[in-house]
Amino acid sequence: MSAPTIKTERLILRNIEESDALQLKYLLCPEIENTSGPYMPHSEDQLLAHVERIKGDTSWGITLYDGTFIGDIGVFSNKENKGEMAWYVDPKYWHNGYAYEAGIAVIKYCFDELCMEMITAEIEASNTASRMLAQKLGFQLDSVLNESDFYGKTTDVAYYSIKNM
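Worth saying up front: this structure is predicted, and the values here are computed from it rather than measured.

What follows covers helix H3 (residues 98-112). Taking 1.5 Å of rise per residue, 15 residues should cover 21 Å, and H3 covers 21 Å from first to last C-alpha, within 8% of that figure. Counting buried positions along H3 gives 11 out of 15 residues, so the element sits mostly inside the fold. Buried within H3 we find Tyr98, Ala99, Glu101, Ala102, Gly103, Ala105, Val106, Ile107, Tyr109, Cys110 and Phe111.

Structure follows, in structure tokens:
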């Protein structure tokens with residue numbers, strides 16, 4: 001099943017396709033790669049496989065209205081009406097509120113259309129910007145585990161959740 005297109009004031013969230021693979025090169029920049037686990041692509045050769053892994057009914061490419069691909073966002077592992085949210089925006093577009101705008105739209109879709117009860121987020125504790133974004137989106141900090149397994153990497157991990165009211 002494909003992700004439905006969601007339009008916000010400044011963004012179009014659309015299905016991610018194989019043809020988008022090279023547009024995800026921002027995932028390879030140090031600012032993102034240093035705070036993501038080994039499940040993420042670490043070379044251009046791995047981008048297509050990454051697109052295959054993440055595309056689906058709760059995963060979107062984030063584009064501006066002119067078609068510029070600036071990031072991706074999704075809610076994964078939907079089990080028992082729960083999912084885990086992740087977001088990545090090309091650093092060239094940071095500090096414009098795009099991740100927040102996309103996040104609000106995705107949370108609304110997951111709660112209103114998919115009737116999810118809860119969405120979680122696991123964030124490397126040193127990733128202050130993502131932690132602040134999670135809180136701005138309404139996620140509550142549940143715990144911080146020191147020297148935790150973060151997708152095969154040992155680091156401090158902050159665990160957040162937001163419940164459907």
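For the rest of this paragraph, the subject is the confidence of the model for the chain. Any region with low pLDDT has predicted coordinates that should not be read closely. Considering every residue of the chain, the mean pLDDT works out to 88; 91% of them sit at 70 or more. No element of the chain has a lower mean pLDDT than helix H1 (residues 30-33), which averages 74, and none a higher one than strand E1 (residues 6-7), which averages 98.

This next bit is on unusual backbone geometry. The phi dihedral of Asn81 is positive, around 60 degrees, even though this residue is not glycine. By the secondary structure assignment, Asn81 is in the loop between strand E4 (69-79) and strand E5 (82-89). For His95, which is not glycine, the phi torsion reads 70 degrees and is therefore positive. Along the chain, the position of His95 falls in the loop between E5 and H3.

The tendency in soluble globular proteins is for nonpolar side chains to be buried side by side. Residues Met85, Trp87, Ile119 and Phe139 are the most contacted members of the largest nonpolar core, which totals 33 residues. The residues touching Phe139, leaving out its near neighbours within four places in the chain, are Met85, Ile107, Ile119, Thr120, Ala121, Ala134, Tyr160, Ser161 and Ile162. Formed by 14 residues, the second largest nonpolar core is a distinct cluster that contains Ala21, Cys29, Val51 and Ile54.

This next bit is on the packing of aromatic side chains. Per the stated rule, a full pass over the model turns up 2 aromatic pairs. Each ring, one from Trp60 and one from Tyr109, has its centre 5.5 Å from the other, and the planes form 85 degrees; the classification is edge-to-face. Here Trp60, found in strand E3 (residues 59-64), pairs with Tyr109, found in helix H3; they are 49 residues apart in sequence, far enough to count as distant. Seen in terms of ring centroids, Trp87 and Phe139 are 6.4 Å apart; in terms of plane orientation they differ by 55 degrees. Their pairing is tilted. Remark: Phe139 occurs in the loop between helix H4 (128-136) and strand E7 (140-150) and Trp87 occurs in strand E5; sequence separation between them is 52 residues. The pair formed by Trp87 and Phe139 is uniform in burial state, with each residue classed as buried. Positioned over the ring face of Tyr100 is Lys136, at 4.6 Å from the centre of the ring.

What counts and what doesn't
- Residues numbered from 1 in each chain as written.
- Predicted model: local features only at pLDDT ≥ 70, side-chain atom pairs only at ≥ 80, totals over all residues.
- Heavy atoms only, no water.
- Helix = DSSP H or I, 4+ residues; strand = E, 2+ residues; numbered from the N terminus.
- Expected span 1.5 Å × (residues − 1).
- Buried < 20%, exposed > 50% of the residue type's maximum accessible area, 1.4 Å probe, protein only.
- pLDDT = per-residue confidence, 0-100.
- Core = buried A, V, L, I, M, F, W, Y, C linked by side-chain atoms within 4.5 Å.
- Contact = heavy atoms within 4.5 Å.
- Phe/Tyr/Trp six-rings, centres within 6.5 Å; stacked < 30°, edge-to-face > 60°.
- Lys NZ or Arg CZ within 6 Å of the ring centre and 35° of its normal.

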